[in-house]
Amino acid sequence: MKGFNEELLSAWLRLSNTICNERIVTQLPYNEALICNILNNQRKNFPGKYLTATDLCEKTRLLKSLMNRTLNSLEEKGLIVRKRSEEDKRSVYVMFNEENISYYEKGHEEVLEVVDEIVNKIEKRIGSEKTKEIVDVFNVISDAALEVIHQ
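Analysis parameters
Residues numbered from 1 in each chain as written. Predicted model: local features only at pLDDT ≥ 70, side-chain atom pairs only at ≥ 80, totals over all residues. Heavy atoms only, no water. Helix = DSSP H or I, 4+ residues; strand = E, 2+ residues; numbered from the N terminus. Areas by Shrake-Rupley, 256 points an atom, 1.4 Å probe, with all protein chains shown as cover. Salt bridge = Lys/Arg side-chain N within 4 Å of Asp/Glu carboxyl O. Buried < 20%, exposed > 50% of the residue type's maximum accessible area, 1.4 Å probe, protein only. Pairing = 2+ DSSP bridges. Contact = heavy atoms within 4.5 Å. Axes fitted to C-alpha atoms, helices over the stretch in contact; angles between N-to-C directions. Disulfide = S-S within 2.5 Å. Patch = residues over 30% accessible without salt bridge, like charges linked within 9 Å, V, L, I, M, F, W, Y side chains within 5 Å. Lys, Arg positive; Asp, Glu negative; His and termini not counted. Charge placed at Lys NZ, Arg CZ, Asp CG, Glu CD.

### Description of the overall build of the protein
Looking only at helices and strands, the protein has six helices and three strands in total. Ordering the α and β elements of the protein from the N terminus gives α-α-β-α-α-β-β-α-α. Overall size of the protein, expressed as C-alpha extent along the three principal axes, is 55 × 40 × 25 Å. Here the protein has roughly 11300 Å² of accessible surface; of this, 54% comes from carbon and sulfur atoms.

Next comes the structure, spelled out in structure tokens:
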């Protein structure tokens with residue numbers, strides 16, 4: 001669709017900018033919140049299977065140097081711990097510090113409340129069915145972007 005690319009790019013950048021810069025997550029900087037979200041999903045969906053800094057770099061597309069700074073900051077805050085693998089001493093796993101996980105969970109609940117408010121506003125404008133389709137559309141856009149970028 002000719003000419004649509006500018007509109008899509010503009011909408012994409014506006015949404016990205018809003019999420020990153022409007023501080024939806026107030027307790028943590030964006031990259032820290034992103035990593036915590038990935039660790040939280042991993043903990044819930046794959047108990048006992050841990051991620052390394054390299055895994056986190058692949059999932060976030062952050063450079064190793066930025067990832068290390070971010071992990072150091074999270075470790076200083078007591079939110080994560082790093083543990084060397086017993087099977088492969090070269091691997092270091094990153095996991096939540098179970099003693100302080102409630103700090104992240106509180107912030108996560110606040111974000112979910114904001115998302116609920118956003119969903120309510122969207123539903124009022126376009127209805128429930130189209131609102132439910134948004135997640136599928138976001139995933140299609142993400143998958144297509146990855147395919148094109150990795151060609």
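Back to the write-up after that little detour.
### Thoughts on the pattern of salt bridges
The tally for this structure, following the rule as stated, stands at five salt bridges. Across the pair Glu75 and Arg82 runs a salt bridge whose closest N-O atoms are separated by 3.3 Å. The class for Glu75 is partly exposed, based on a relative accessible area of 35%. We classify Arg82 as partly exposed; its relative accessible area is 28%. The residue Asp88 makes a salt bridge to Arg90 at a minimum N-O spacing of 3.0 Å. The exposure class of Asp88 is partly exposed, given its relative accessible area of 25%. Residue Arg90 is classed as exposed on the basis of its relative accessible area of 74%.

### Considerations on the environment of Val115
Mapped onto the secondary structure, Val115 falls in helix H5 (residues 101-126). Since its relative accessible area comes to 38%, Val115 is described here as partly exposed. Taking the C-alpha atoms as reference points, Val115 and Leu74, 41 residues apart in sequence, are found 24 Å from one another.

### Describing the sheet that holds strand S3 (residues 92-96)
One open sheet accounts for three strands, arranged S1-S3-S2; its pairing is antiparallel. Two strands lie at the open edges of the sheet, namely strand S1 (51-52) and strand S2 (80-84), each paired on one side alone. When S1 meets S3, the two strands line up antiparallel, connected through two bridges. Counted as the bridge partner of Thr52 is Tyr93 from S3. Lying over the sheet, helix H4 (residues 64-76) contacts S2 and S3, oriented at roughly 110 degrees with respect to S2.

### Concerning the state of the cysteines
Each disulfide consists of a covalent bond between the sulfur atoms of two cysteine residues. Taken as a whole and assessed by the stated rule, the structure comprises zero disulfides. Here Cys36 is not disulfide-linked; the sulfur of Cys57 is the nearest cysteine sulfur, at 15 Å. Of the residues examined, Cys36 reaches a relative accessible area of 0% and is grouped as buried. Owing to a relative accessible area of 11%, Cys57 belongs among the buried residues under this scheme.

### Here's the deal with the side chain of Thr52
By the element assignment, Thr52 lies in strand S1. Relative accessible area serves as the criterion here: at 16%, Thr52 is assigned to the buried category. Those residues in contact with Thr52 that lie beyond four places of it in its chain are Val92, Tyr93 and Val94.

### Focus: a negative patch on the surface
A contiguous patch of negative charge, built from Glu109, Glu113, Asp116 and Glu117, is present on the exposed surface. By secondary structure assignment, the location of Glu117 is in helix H5.

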